[in-house]
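Notes for the structure review
Okay, here's what each chain looks like letter by letter:
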Amino acid sequence: MERIRTSGLAIAEPRAPGGVEVREAQIRVLSPAPAGLPFDLFRPTIGAALPTILDHAAVALRHPRRRAAFQLMDASVAAYRAALRAEGFTEVFTPKIVATATESGATCFRLDYFGQVAYLAQSPQLYKQMLVGVFERVFEVAPVFRAEPHDTPRHLNEYVSLDAEMGFITDHRDVMALLERVVSAMARAAGEHPAAPQAGARLPVAVPAAFPALHFSEALELLANEFGPDVLAEPDLAPARPTYSNSFDLLFRGLELATGGQRLHRHEDYESAMRERRIEAGPFAGYLEAFCYGMSPHGGFAIGLERWVQQVVGASNLRETTLFPRDLNRLLP
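These remarks concern the structure in this document. Small disclaimer: the values here were computed from a predicted structure and weren't measured.

All right, on to the side chain of histidine 267 then. The topology assignment puts histidine 267 in helix H8 (residues 267-277). Every residue in contact with histidine 267, bar those within four places of it in the chain, is listed here: Leu288, Phe291 and Cys292.

Right under this line is the structure:
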């Protein structure tokens, strides 16, 4: 595949691809290709297995359909940023090398940081909560890392997370409403982008002002009606505590797209929670300090960017909507 520069007279021609035909063309080879292509790029889709496509990502991404999916990703992120900035949010940039695991240490990538133990960040959760006390409303677009040994079409070990956190909320429903506005803006931007038809985008004809919401107890009832009462005996579906958290998940065409909720905001509540779970407070001293000097009730959410694009274009595998995937078996290119 050679790189060429073409000049000539552009004439409107409805029968031509793109509606334009170049006449009196002059073609100049800029860089000759030393070998043939690993697969054809002129067909509607690439006729190769996904591993082959990913092995030759630099070539595959030139295919119009694959390129179009990432143009929709760009439009989605731009809309996400614009929607939050319009509501007074400040974009922040938090560390990706951290001293303490945000969640279970078993799912962290451990690093040697000049002789100290460090980890790749699983989430900006601790930092964005701290920054609510500074800016009140913050968001971030950044990679996160999970050391889970998954090998499925919907999991990656590095992905882009769209995080937001806001203060002075009443409860998690304020966060849900914000998420609905943000996702609606992303859907409009993707649907209106010129690359949407080429990418095979499948977006809702009309996005409701308020998304349908189902309480956890209602979901359990539906499961019991569909699969029988025995399903409620599963440990993950029958919590021992009769109370519910102020949290939520957003599903888009059957796939979890975002998760979020209201956080604790009183220092004493964190102390109590850590004692209950036998978590040493020392490694979290910097985080806990933010709650010693007053913190408003707050909450937030995180959207998986690649999952969003996967559902928009109807891709069967998350790796199709990741430029250079990192999973259990892939470290190149």
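Right, let's talk about the environment of leucine 214 for a bit. Counting through the fold element by element, leucine 214 comes out in the loop between helix H6 (196-199) and helix H7 (216-227). The class of leucine 214 is exposed, set by a relative accessible area of 52%. The sequence separation of leucine 214 and glutamine 310 amounts to 96 residues, and the corresponding C-alpha distance is 24 Å. Other than its neighbours up to four places away in sequence, leucine 214 contacts Ala219 and Leu222.

Along the chain, valine 309 turns up in helix H10 (residues 305-313). In sequence terms valine 309 and phenylalanine 70 are 239 residues apart; their C-alpha atoms lie 8.1 Å from each other. Valine 309 has contacts with Ala69, Met73 and Thr321, leaving out every residue within four places of it along the chain.

Reading across the sheet, the 6 strands line up as S3-S7-S8-S11-S10-S9 and stay open at both edges, with mixed pairing between neighbours. This sheet does not close on itself; its edge strands, each paired only once, are strand S3 (90-91) and strand S9 (247-252). Summarising the sheet, S3 and strand S7 (residues 137-145) pair through 2 bridges and their orientation is parallel. From the neighbouring strand, threonine 90 faces S7, where its bridge partner is valine 138. Together, S3, S7, strand S8 (158-167) and strand S11 (298-304) form the strand contacts of helix H4 (residues 125-135), whose direction differs from that of S8 by roughly 30 degrees. Packed on one face of the sheet, H10 meets S8, S9, strand S10 (255-262) and S11 and runs near 140 degrees to S10.

A few words on the packing of helix H3 (residues 64-85) against H10. Between H3 and H10, the least distance of the axes is 10 Å, while the angle of their chain directions is 125 degrees. By the angle between their axes, H3 is oblique relative to H10. Seen from above, H3 lies across H10 with right-handed handedness. On H10, the residues that touch Ala69, Leu72, Met73, Ser76 and Val77 of H3 are Leu305, Glu306, Trp308, Val309, Val312 and Val313. Within the contact of H3 with H10, the residues separate by chemical class into 9 nonpolar, 1 polar and 1 charged.

Conventions and cut-offs
Position numbers for residues start from 1 in each chain and track the written sequence from start to end. Where totals are concerned, whole chains, interfaces and linings use all residues; where local detail is concerned, this predicted model gives features only for residues with pLDDT of at least 70, and gives and counts side-chain atom pairs only at 80 or more. Excluding hydrogens and water, the side-chain values take into account all heavy atoms of the structure. Helix numbers and strand numbers start at the N terminus; a helix is a DSSP run of H or I with at least 4 residues, a strand a run of E with at least 2. Contacts are residue-level and defined by heavy atoms, with any inter-residue pair within 4.5 Å sufficient. Each residue is assigned to one of three classes by its accessible area relative to the maximum for its type, calculated with a 1.4 Å probe on protein chains only: buried under 20%, partly exposed between the two thresholds, exposed over 50%. Any two strands with at least two DSSP bridges between them are considered paired. The angle between two axes is taken between their N-to-C directions and runs from 0 to 180 degrees, where each axis is a line fitted to C-alpha atoms and a helix contributes only its stretch in contact. To sort the angles, those under 35 degrees are grouped as roughly parallel, those over 145 as roughly antiparallel, those from 65 to 115 as roughly perpendicular, and the leftovers as oblique. The sense of a crossing depends on the near helix, which, turned anticlockwise from the far helix by less than a right angle, makes the crossing left-handed and, turned clockwise, makes it right-handed. Residue type decides the class: Asp, Glu, Lys and Arg count as charged, Ala, Val, Leu, Ile, Met, Phe, Trp, Tyr, Cys and Pro as nonpolar, and the leftover types, Gly among them, as polar.

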